[in-house]
Amino acid sequence: MSDLKVVLHVSEADRWHAALGNLANLTALDDRPAVRVVVNGSAVYVLQGQHDWLGHMAEAAAKGVTFQVCRNSLRAHDIEPGTLPEWATTVPNGVLALAEAQQGGFAYIKP
């Protein structure tokens, strides 16, 4: 595994397609970086229901990608944290999670 660390910030539902492309490319690398996805804003809607994108996210999670979901955004969009996929964890504040990741040496990517 690479020493490189990457945090992807997905805050809009229509940006998931680009984020999933980034995730596929990053997780296919032989020298794979640590990857974290911070989800807030309208992007939290995509973590509901049953669809292909959730399958791609679950595959990324199985390869070690962590998904952090903003509790404030869930509350703002009337989504119960218990309805999230099992591989997604909640954080109190998405913006703070991004700042902490950057402080921890993660490179910030906004797909």
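Look up: the structure comes first, before these words.
Bear in mind the structure is a predicted one, so any value in this text is a computation, not a measurement.

Undergrad: For this particular structure, what's the right way to read helix H1 (residues 16-27)?
TA: Under the 1.5 Å per step criterion, the end-to-end length of H1 is 16 Å for 12 residues, consistent within 8% with the ideal 16 Å. Of all the positions in H1, only Trp16, Ala19, Leu20, Leu23, Leu26 and Thr27 are classed as buried. Around the axis of H1, the buried residues are gathered within 125 degrees of arc, so they sit on the same side. Residues His17 and Asn25 are exposed on H1 and point more than 90 degrees away from its buried face. Structurally, H1 contributes buried residues whose contacts are with strand E1 (5-10), strand E2 (34-39), helix H2 (52-62) and strand E3 (66-70).

Undergrad: Whenever I open this one, the nonpolar core confuses me. Can you help?
TA: The nonpolar side chains of soluble globular proteins are, as a tendency, buried together. Ranked by internal contacts, the top residues of the largest apolar core, which has 27 residues, are Trp16, Leu23, Val37, Leu47, Met57 and Phe67. Contributing elements (two or more residues each) for this core: E1, H1, E2, H2 and E3. In terms of residue count, H1 provides more of this core than any other element does, five residues in total. Among residues more than four places away in sequence, those in contact with leucine 47 are Trp16, Val39, Leu54, Met57, Val69, Thr83, Leu84, Pro85 and Trp87. Counting residues in hydrophobic clusters, the runner-up holds seven residues, among them Val38, Ala97, Leu98 and Ala101.

Undergrad: Help me understand the packing of H1 against H2 in this model?
TA: Helix packing geometry: the angle between the two helix axes and the distance between the axes. Two elements in contact, H1 and H2, have axes separated by 10 Å at closest approach and are oriented at 30 degrees. In terms of their interaxial angle, H1 and H2 are classed as roughly parallel. Considering the relative orientation of H1 and H2, their crossing is left-handed. Only Trp53, His56, Met57 and Ala60 of H2 make contact with H1, whose side of the interface consists of Trp16, His17, Leu20 and Leu23. Here the contact of H1 with H2 is built from residues that sort into six nonpolar, two polar and no charged.

Scoring rules and cut-offs
Residues numbered from 1 in each chain as written. Predicted model: local features only at pLDDT ≥ 70, side-chain atom pairs only at ≥ 80, totals over all residues. Heavy atoms only, no water. Helix = DSSP H or I, 4+ residues; strand = E, 2+ residues; numbered from the N terminus. Expected span 1.5 Å × (residues − 1). Buried < 20%, exposed > 50% of the residue type's maximum accessible area, 1.4 Å probe, protein only. Arc of directions from axis to C-beta. Contact = heavy atoms within 4.5 Å. Core = buried A, V, L, I, M, F, W, Y, C linked by side-chain atoms within 4.5 Å. Axes fitted to C-alpha atoms, helices over the stretch in contact; angles between N-to-C directions. Parallel < 35°, antiparallel > 145°, perpendicular 65-115°, else oblique. Left-handed = near helix turned anticlockwise from the far one by under 90°. Nonpolar A, V, L, I, M, F, W, Y, C, P; charged D, E, K, R; others polar.

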